[in-house]
Amino acid sequence: MIHNPELATAPSTALIAAANAAARAIPPLFPLASSVAVNPYLGQSGDSLAMTAARLGRIAGTPVTQPRAWYLARITDGRITDADLEAALAASPDADRPADLAALKAAAKGPVALQKAVPSVADLSSGASGIDWPALVNDRISAWAAGYFDNGQALWTTVPGTSAFTSWRSFAIHDLTPEIAGLTGFAAFVTASPATANEALAWATARLGLPDGALDTAFHAALMSLGGWGQYARYQLWQAELAGGNDSAVTDLLAIRLIWDAALLAQYQDAIGAGWAAAVSAHAHPLRPSSAQVVDAILQEATERAAQRDIAAAFATKGGPLRQTRPALQAAFCIDVRSEVFRRALEGVDPGIQTIGFAGFFGVFVEHRPFASDVPEARLPVLLNPTVTSCAIPPHAGAEEVARIAARSKRAWGRFKLAAVSSFAFVEATGPIYVYKLVRDGLGLGPSNLPHDPAPQLSPSLDTKQKLASAETVLRAMSMTDGFARIVLLAGHGANVTNNPHASALHCGACGGYSGEVNARLLATLLNDPEVRKGLPERGITIPDDTLFLAGLHDTTTDGVLVYADDHPSTGHAKDVADLKRWLAAAGLIARGERALRLPRASGANDIAERARNWAEVRPEWGLAGCRAFVAAPRNRTTAQNLGGRAFLHSYDWRQDKGFGVLELILTAPVVVASWISLQYYGSTVSPTAFGGGNKLLHNVTGGIGVVEGNGGLLRAGLPWQSVHDGADLVHEPLRLSVIVEAPQAAINDILARHDGVRALFDNRWLHLFTLDDAGLIQGRYVGGLKWEPIGDAAQTKAA
């Protein structure tokens, strides 16, 4: 069906379905205050890598793999072996794959050109007129969007309460810039368009002559062209759907972008009509990866299989023995790869120390209101909804009111500094007052930004039955049902950096982009509760009377750990707490020394703390760069290995997991969050233009929600280039995550069969899945369709 512009503008079912599909084909962009890693290929999880390459090549001209030279260098130096290439070739699902190894190698060495995107009307109009229409369209949409989506930064904002389309239409009717640039009668064109978004979408689609068969990639391309603005609107839809509602901002943006193209087509029809007809035909053509894209996907698979050989070799090293005596300390850390370095260092400080890996929100699905604030923070995975609420306990009567007055005064002063008139006089009159602060901060002598709010409490509180159920669930999920130490540390994590708009991206992803101390403090309070201690033995868990749970915050930038010992003062544990702090300090020194080896311009452990306070430092830490594996197994499987801060480590003992409920939680929550992290780093590396955050040196915060490069343009999503590159070479090797689980394959299959979204990630190899045997060796590889192939000794046994 071709939409006729003379017909009624009522949208068809196919058009609405295509618009909704396009909205979900782009990833959400979370705001800077609670930024979390997002899988940029979230909308393509049902496709293979090669098919995704075909789609993104058509709509944006962006690759999904590294340049050929990158793979050829690894083949030449032996990092990728013939066995890796043969295995990757055999695993390829594409019919157009090379016939054999020799053909694959020949194809890999052949010339390859990056696929060009199907041009938009704006692209074609630019070629016909010499006017950079794509840049102007993006500029005018950005000028409106920065005000409409503003999250408290702007002094002047658009009228609140209106839909995105209604707001833009009012803006565009009065915006003279397009006509000054050469788009005659644009305001009148917008005025003539329907007043509702869906009708305007149908109206613009009809004028563009887009048939139903072209809508899929044409709509996707239109939203991709809006960069972070489309993705932020997708975030609003994500949040609305999580709460059981809906939001139209992203499809409103689609209508807005197509109206621009319809206006340009009306003006340049004679010059670009044939070119646009060819573009429409290209969009209507079924997607199919080219032979070059198939080869690229095979080379990427081979690279990952080479890395998996290294991982398998690490597991071939015998792990540590199971602990038989009471630990001197148990310390539970987030599964974040940065914790692997610190955990290894802490275990090396004293042989009596046992560490545990668990998702950093510690099973507390909380919406928290910070001290003296009414702004709620969802401190849990963004895939889930909160089940409890909490607030900070004022240390004394009147403390919160004093803090609120101070906060209001600070905001008022900030507004005064930025106001249109007062800002000019402000600099002249008060500039000298800021000399001390400028010198202090310039020399990195400013105060630490580690959070130290009063202790949080659940509000409303849980009854005894709820507390017992929560405590049991969390302890079993952590595989902690016996053998408790006198001190059990629950360490969340956060990053202590300055002058960094992306600071929340360095915090805990499992805590929704916030630091993890609130969740840790709430759980410590729950597990120290006398009612909980009294009731747990009836549920098969006995915590010794002398066990004290304490919360801490691991600063991943400096590798210091703040212990919230005052939350639960205990004179009987004074020596234990002193030992804890001494061990943490020693481990921090070791961890800083190891991390300094990877950081540019860091000569040793003493340089690390200075980087956190340096407001000119673009690489205070590497975050999760280098992540390549997720391990769910008992800790003794990995204690003998130095995993280099590249593995998510989740403690899990399937023998204690009756019904495999904990395994299901791991595969559907922490693994998915880890996949988002891994694939964001992957996308920001292989497609920095489309899925990267650009250059930190050029960033300006816009709307309080994201950054632009320079003084305008599209919102940039993804990781800044400095987060994956050290200035000379990549520090993140783009690999899809390898998930390694010690559990029966039948149990895993049962879970995958019930969770189509998770299964799609493994079936289409956005994630690789392996199992360990009872000896801790990699036993099997998941090959899709709920089937497995044996590896190593298991393969030899099967062959015999």
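Cut-off values and rules
Residues numbered from 1 in each chain as written. Predicted model: local features only at pLDDT ≥ 70, side-chain atom pairs only at ≥ 80, totals over all residues. Heavy atoms only, no water. Helix = DSSP H or I, 4+ residues; strand = E, 2+ residues; numbered from the N terminus. Rg over C-alpha atoms; globule rule 2.2 N^0.38 Å. Buried < 20%, exposed > 50% of the residue type's maximum accessible area, 1.4 Å probe, protein only. Contact = heavy atoms within 4.5 Å. Areas by Shrake-Rupley, 256 points an atom, 1.4 Å probe, with all protein chains shown as cover. Lys, Arg positive; Asp, Glu negative; His and termini not counted. Charge placed at Lys NZ, Arg CZ, Asp CG, Glu CD. 1 Å grid on protein atoms, 1.4 Å probe; cavity = no way out; pocket = protein on both sides within 12 Å on 5 of 7 lines; lining within 4 Å. Points joined across faces, edges and corners; volume = space filled by probe spheres on them. Nonpolar A, V, L, I, M, F, W, Y, C, P; charged D, E, K, R; others polar. Pairing = 2+ DSSP bridges. Axes fitted to C-alpha atoms, helices over the stretch in contact; angles between N-to-C directions. Parallel < 35°, antiparallel > 145°, perpendicular 65-115°, else oblique. Core = buried A, V, L, I, M, F, W, Y, C linked by side-chain atoms within 4.5 Å. Expected span 1.5 Å × (residues − 1). Salt bridge = Lys/Arg side-chain N within 4 Å of Asp/Glu carboxyl O. pLDDT = per-residue confidence, 0-100. Phe/Tyr/Trp six-rings, centres within 6.5 Å; stacked < 30°, edge-to-face > 60°. Lys NZ or Arg CZ within 6 Å of the ring centre and 35° of its normal.

Novice: Looking at this model, I keep getting lost on the overall build of the chain. Mind explaining?
Specialist: Within the chain one finds 30 helices and 19 strands. The C-alpha radius of gyration of the chain comes to 28 Å, within 12% of the 28 Å expected for a compact globule of 800 residues. Burial statistics for the chain: of 800 residues in total, 55% are counted as buried. Within the chain, contacts between residues at least 6 apart in sequence are counted, and of these 74% link residues at least 24 apart. In the structure as shown, the chain presents an accessible area of about 32,800 Å², 57% of it carried by carbon and sulfur atoms. Seen as two clouds, the 67 positive and the 74 negative side-chain charges of the chain have centres 3 Å apart.

Novice: Help me understand empty space enclosed by the protein, please; the structure alone is not making it clear to me.
Specialist: One water molecule sets the probe size; rolling that probe over the atoms shows where empty space is left. Applying the stated criterion across every chain yields a total of three cavities of 30 Å³ or more. Considering only enclosed or pocket space, the second largest cavity measures out at about 40 Å³ in volume. Here the lining of the second largest cavity takes three residues from strand 11 (residues 647-651), the largest share from any one element. Here the residues of the lining of the second largest cavity are counted per class, giving four nonpolar, three polar and one charged.

Novice: So what exactly am I meant to see when it comes to the sheet that holds strand 3 (residues 366-369) here?
Specialist: The strands making up a sheet are joined through hydrogen bonds of the backbone, oriented either antiparallel or parallel. Ordered in space as 4-3-5-6, the four strands form an open sheet in which the pairing is mixed. The open sheet has two edge strands with one neighbour each: strand 4 (377-379) and strand 6 (456-458). Neighbour to neighbour, the strand axes of the sheet diverge by 30 degrees on average, direction disregarded. The pairing of strand 3 with strand 4 spans three bridges and is classified as antiparallel. Bridging across to strand 4, Val366 finds its partner in Arg379.

Novice: So what exactly am I meant to see when it comes to the sheet that holds strand 1 (residues 329-334) here?
Specialist: Strand order in the open sheet formed by five strands is 2-1-7-8-9, with mixed pairing between adjacent strands. Across the chains shown, the open sheet's two edge strands, defined by having one partner strand only, are strand 2 (353-358) and strand 9 (560-563). Strand-to-strand, the axes of this sheet are offset by a mean angle of 25 degrees, without reference to chain direction. Of the pairings in the sheet, the one linking strand 1 to strand 7 (residues 487-494) comprises four bridges and is parallel in character. The residue bridging Phe333 from the neighbouring strand is Ala491, located in strand 7.

Novice: Before we go on, may I ask you to explain the packing of helix 13 (residues 228-242) against helix 14 (residues 249-284) in this structure?
Specialist: Think of two packed helices as two axes; the pair is described by the angle between the axes and how far apart they sit. Following both chains from N to C, one finds helix 13 and helix 14 inclined at 150 degrees, their axes separated by 7 Å at the closest point. In terms of their interaxial angle, helix 13 and helix 14 are classed as roughly antiparallel. For the pair helix 13 and helix 14, contact is made by Trp229, Gly230, Ala233, Arg234, Gln236 and Leu237 and by Ala249, Val250 and Leu253, respectively. When the residues that make up the contact of helix 13 with helix 14 are grouped by side-chain class, the tally is six nonpolar, two polar and one charged.

Novice: Help me out: how do you make sense of the nonpolar core in this one?
Specialist: In globular proteins that are soluble, nonpolar side chains generally tend to be buried together. Within the largest apolar cluster, 186 residues are counted, with the highest numbers of intra-cluster contacts made by Phe149, Trp168, Phe219, Leu490, Phe630 and Phe648. The biggest single contributor to this core is helix 14, with 18 residues. Counting residues in each nonpolar core, the second largest holds 22 residues, with Ala331, Phe333, Phe342 and Ala565 among its members.

Novice: Mind showing me how you'd approach helix 2 (residues 49-60) here?
Specialist: In an α-helix, one turn spans 3.6 residues; hence positions three or four apart end up facing the same way. Its twelve residues place the ends of helix 2 16 Å apart at the C-alpha level, agreeing with the 16 Å of an ideal helix rising 1.5 Å per residue. Along helix 2, ten of the twelve residues are buried, which leaves the element largely enclosed by surrounding structure. When helix 2 is considered as a whole, its buried residues turn out to be Leu49, Ala50, Thr52, Ala53, Ala54, Arg55, Leu56, Gly57, Arg58 and Ile59. Contact partners of the buried residues in helix 2: helix 12 (215-224), helix 14, helix 15 (291-316), helix 26 (670-686) and helix 27 (688-691).

Novice: Could you clarify how one ought to interpret the side chain of Gln66 in this entry?
Specialist: Mapping Gln66 onto the fold places it in the loop between helix 2 and helix 3 (68-76). What makes Gln66 buried here is its relative accessible area of 7%. Beyond its immediate stretch of four places on either side in the chain, Gln66 contacts Tyr71, Thr685, Val686, Leu730 and Pro734.

Novice: Mind showing me how you'd approach the pattern of salt bridges here?
Specialist: Two side chains that carry opposite charge are able to pair once their charged atoms sit near each other. Scanning all chains against the criterion turns up 45 salt bridges. Among the salt bridges present, the one from Asp336 reaches Arg338, with a minimum N-O distance of 2.8 Å. Like Arg338, Asp336 is buried. For Glu742, the salt bridge is made with Arg637, and the minimal N-O distance between the two is 2.7 Å. Here the residue Glu742 occupies a position in the loop between strand 16 (738-741) and helix 28 (745-754), and Arg637 occupies one in the loop between strand 10 (629-633) and strand 11, the gap between them amounting to 105 residues. Neither residue differs from the other here; Glu742 and Arg637 are each classed as buried. Through salt bridges that share partners, Glu301, Glu304, Arg305, Arg736 and Arg765 make up one connected network.

Novice: Teacher, can you tell me more about the confidence of the model for the chain here?
Specialist: Note: predicted coordinates in regions of low pLDDT should not be interpreted at a detailed level. For the chain, per-residue confidence averages 92 on the pLDDT scale, and residues scoring 70 or more make up 94% of the total. This stretch, residues 1-5, has a pLDDT under 50; its non-local contacts, to residues over four places away or in other chains, come to 15 contacts. Between residues 796-800, whose pLDDT stays under 50, and residues either more than four places distant or in other chains, the model counts one contact.

Novice: So what exactly am I meant to see when it comes to the packing of aromatic side chains here?
Specialist: The geometry of an aromatic ring pair is captured by two quantities: the separation of the ring centres and the angle between the planes. Counting across every chain of the model gives 23 aromatic pairs. Between Trp70 and Tyr71, the ring centres sit 5.1 Å apart and the planes meet at 90 degrees, which makes this aromatic pair edge-to-face. Just as Trp70 is buried, Tyr71 falls in that class too. Both rings, one in Trp654 and one in Phe660, keep their centres 6.4 Å apart while their planes meet at 20 degrees; by these two values the pair is stacked. Overall, the relative accessible area of 22% leaves Phe660 in the partly exposed class. Sitting over the ring of Trp70, Arg74 keeps its end group 3.7 Å from the ring centre.

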